[in-house]
Amino acid sequence: MAVKPQLGLIGLGTMGAALALNIAEKGFPIAVWNRTASVTRRFHSAAGALAERIVPAETLADLVAAMAAPRAIILMVPAGEAVDAQLSALAPLLGPQDLVIDAGNANFHDTDRRAAAGWPFRFMGIGVSGGEAGARHGPAIMAGGKPEDWARMAPVLRAIAARAEDGTPCADHMGEGGAGHFVKMVHNGIEYADMQMIAEVYGIMRDGLAMAAPEIAPVFARWNEGVLRSYLVEISAAVAAARDPVTGGPMLDMIVDAAGQKGTGRWTAIEAQHLGAPIPVIEAAVMARNVSARRAERAAGEALYGPAPEPAVVPLEDLEQALIAGKILCYAQGFAMMRAAAESFGWALDMPAIARVWRAGCIIRSAMLNDMAEALAEDPGRNLILAPFFANTLRRGLPALRRVVAAGALHGLGLPALSAGLAWFDMMRTARGTADMIQAQRDYFGLHGFQRRDGLDRPHGPWAEG
Ligand code: 6PG
């Protein structure tokens with residue numbers, strides 16, 4: 001190769017390899033290195049026509065030497081200690097204009113710390129979503145870091161990103177420090193919630209309506225043609241339709257009902273608690289994964305209490321409407337959490353821009369994000385449930401959501417995410433809540449004081465006298 005590449009990539013695992021090929025395919029020469037040299041060689045020889053734009057390096061020093069300054073090196077190594085180790089290893093090799101970009105699923109606190117750490121090179125953290133296919137053909141990219149570093153990387157990141165239907169690349173600058181990884185974390189929290197709500201309506205179809213997986217598949221497929229059009233509903237139709245190559249029966253019926261997790265959903269729930277931001281649908285989804293892992297206890301519970309009461313009869317139309325309503329409530333919570341974070345961390349998070357970046361490439365991509373981007377652009381500080389467009393959609397969906405949640409309660413089908421969304425909504429639409437009782441209790445046992453509705457300065461109840 002005549003010209004040395006200015007771009008490099010470290011870590012040729014599934015995601016790193018796919019991203020490197022995507023970058024090369026978009027016309028950018030790139031140097032690559034993996035800790036195990038044989039992986040690098042295999043990757044290069046399998047790259048086909050793209051191999052001529054890819055420079056494989058045997059050592060980290062070779063990688064740096066193979067590149068022209070100022071360099072930009074993308075890290076695709078497992079989040080956590082591996083990133084710190086890699087940054088330390090790069091420190092003696094890079095100069096002040098070189099840029100290292102952590103594109104893994106880092107915890108945003110780590111990214112904040114690394115951005116402030118005073119490395120001899122520049123540093124930014126970017127959230128990348130879309131799984132292997134996204135990395136290869138167009139992910140959604142949520143970039144954090146200094147505006148000048150974003151400006152430097154934007155042409156590459158926009159070129160490799162997915163494009164929304166209007167042609168806009170799904171890559172944008174979220175803010176400084178850990179802002180990009182924060183938005184990616186909330187994306188993953190919402191991903192957990194979207195998946196959980198789909199699993200809940202699947203459960204009603206399977207256990208309440210006694211539908212077999214091949215009957216459920218076309219229902220999801222039909223929903224995917226309407227308001228619910230989204231990647232996750234689309235793949236739910238595909239997995240419900242899939243047959244097990246071993247038994248020939250439905251694939252779903254052979255899969256153990258215990259969900260794994262790498263932790264980003266849990267991080268979202270933890271951060272929401274720190275921020276005092278209510279995200280009950282996401283929290284319920286994290287809880288549900290944790291409960292799913294307790295298989296032996298669940299089996300003992302079923303043996304003791306018996307199976308759920310008689311089957312629930314819920315119209316499929318109600319399930320679709322409940323899922324629409326639940327999804328709006330979940331996203332309303334997620335965007336409100338990001339507003340709270342922007343205020344708390346001093347980031348200028350742009351809510352409509354976030355919705356636009358999520359429209360394509362990422363796991364939670366959906367048609368509804370177009371409407372969310374528009375509603376957030378009208379008033380970025382307003383909760384989505386107060387936006388006229390979504391208020392109309394919710395008015396249609398809420399009666400169905402109530403019937404579905406009630407049916408779940410009556411028939412013993414756990415619907416934690418849908419129920420949590422409804423409970424939150426009912427609190428959010430109630431001008432006089434019930435925290436007067438909490439405040440009175442706090443004052444009663446601890447003289448914590450309260451505000452009076454009439455504004456009088458009498459912060460204690462009669463129990464405080466005498
Ligand atoms: C994405 C995904 C991805 C995530 C997996 C698995 O946006 O491409 O969010 O980053 O790692 O979906 O996450 P769990 O193992 O926690 O389910």
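Bear in mind that the values here come from a model prediction, so they are computed numbers and not experimental data.

1. Here we look at the packing of helix α16 (residues 368–378) against helix α17 (residues 388–411)
Inference 1: Look at α16 against α17: their axes get within 9 Å of each other, and the N-to-C directions meet at 135 degrees. When the interaxial angle is binned, α16 and α17 end up oblique. Facing α16, whose interface residues are Met368, Asp371, Met372, Ala375 and Glu378, α17 presents Pro388, Phe389 and Phe390.
Inference 2: Looking at the contact of α16 with α17 residue by residue, the classes come out as 6 nonpolar, no polar and 2 charged.

2. A word on the site of the ligand
Inference 1: The full set close to the ligand counts 14 residues, and Ser129, Lys184, Glu191, Tyr192 and Arg289 are the nearest of them.
Inference 2: Measuring from an oxygen atom of the ligand, one finds a side-chain N or O atom of Lys184 at 2.8 Å.
Inference 3: Here an oxygen atom of the ligand sits 2.5 Å away from a polar atom, N or O, in the side chain of Tyr192.
Inference 4: Of the residues assigned to the shell around the ligand, the class counts are 2 nonpolar, 8 polar and 4 charged.

3. Describing the environment of Ala164
Inference 1: For Ala164, the position within the fold is in the loop between α7 (147–160) and β8 (171–175).
Inference 2: A C-alpha to C-alpha distance of 9.5 Å links Ala164 and Arg365, two positions 201 residues apart in sequence.
Inference 3: Ignoring any residue separated from it by four or fewer positions in sequence, one finds Ala164 in contact with Cys170, Arg359 and Ala360.

4. Things to note about the pattern of salt bridges
Inference 1: On inspection of all chains with the given rule, the structure shows 25 salt bridges.
Inference 2: Two residues, Asp84 and Arg113, come together in a salt bridge whose shortest N-O distance is 3.2 Å. With Asp84 in helix α4 (residues 81–90) and Arg113 in helix α5 (residues 108–115), the pair connects residues that are 29 residues apart, well separated along the chain.
Inference 3: Residue Asp84 is classed as partly exposed on the basis of its relative accessible area, which comes to 21%.
Inference 4: A relative accessible area of 41% means that Arg113 is categorised as partly exposed.
Inference 5: The partner of Glu465 in a salt bridge is Arg458, with the nearest N and O atoms 3.8 Å apart.

5. A short note on the packing of helix α8 (residues 179–208) against helix α10 (residues 231–241)
Inference 1: α10 packs onto α8 with a crossing angle of 40 degrees between their chain directions and a minimal axis gap of 10 Å. Compared by their axis directions, α8 and α10 come out oblique. Seen from above, α8 lies across α10 with right-handed handedness. Contact with α8, carried on its side by Glu191, Asp194, Met195 and Ile198, involves Leu232, Val233 and Ser236 of α10 and no other residues of that element.

6. Observations regarding empty space enclosed by the protein
Inference 1: Throughout the structure, instances matching the rule amount to 1 cavity of 30 Å³ or more.
Inference 2: In this structure, the largest cavity spans a volume of roughly 50 Å³.
Inference 3: Lining the largest cavity, in full, are Asp194, Met197, Ile198, Leu228, Ser230, Val233, Leu323 and Lys327.
Inference 4: Elements that contribute at least two residues to the lining of the largest cavity include exactly α8 and α14 (316–345).

Thresholds applied
- Residues numbered from 1 in each chain as written.
- Predicted model: local features only at pLDDT ≥ 70, side-chain atom pairs only at ≥ 80, totals over all residues.
- Heavy atoms only, no water.
- Axes fitted to C-alpha atoms, helices over the stretch in contact; angles between N-to-C directions.
- Helix = DSSP H or I, 4+ residues; strand = E, 2+ residues; numbered from the N terminus.
- Parallel < 35°, antiparallel > 145°, perpendicular 65-115°, else oblique.
- Contact = heavy atoms within 4.5 Å.
- Nonpolar A, V, L, I, M, F, W, Y, C, P; charged D, E, K, R; others polar.
- Near = heavy atom within 4 Å.
- Polar contact = N/O pair within 3.5 Å; in protein donor to acceptor, adjacent residues only side chain to side chain.
- Salt bridge = Lys/Arg side-chain N within 4 Å of Asp/Glu carboxyl O.
- Buried < 20%, exposed > 50% of the residue type's maximum accessible area, 1.4 Å probe, protein only.
- Left-handed = near helix turned anticlockwise from the far one by under 90°.
- 1 Å grid on protein atoms, 1.4 Å probe; cavity = no way out; pocket = protein on both sides within 12 Å on 5 of 7 lines; lining within 4 Å.
- Points joined across faces, edges and corners; volume = space filled by probe spheres on them.

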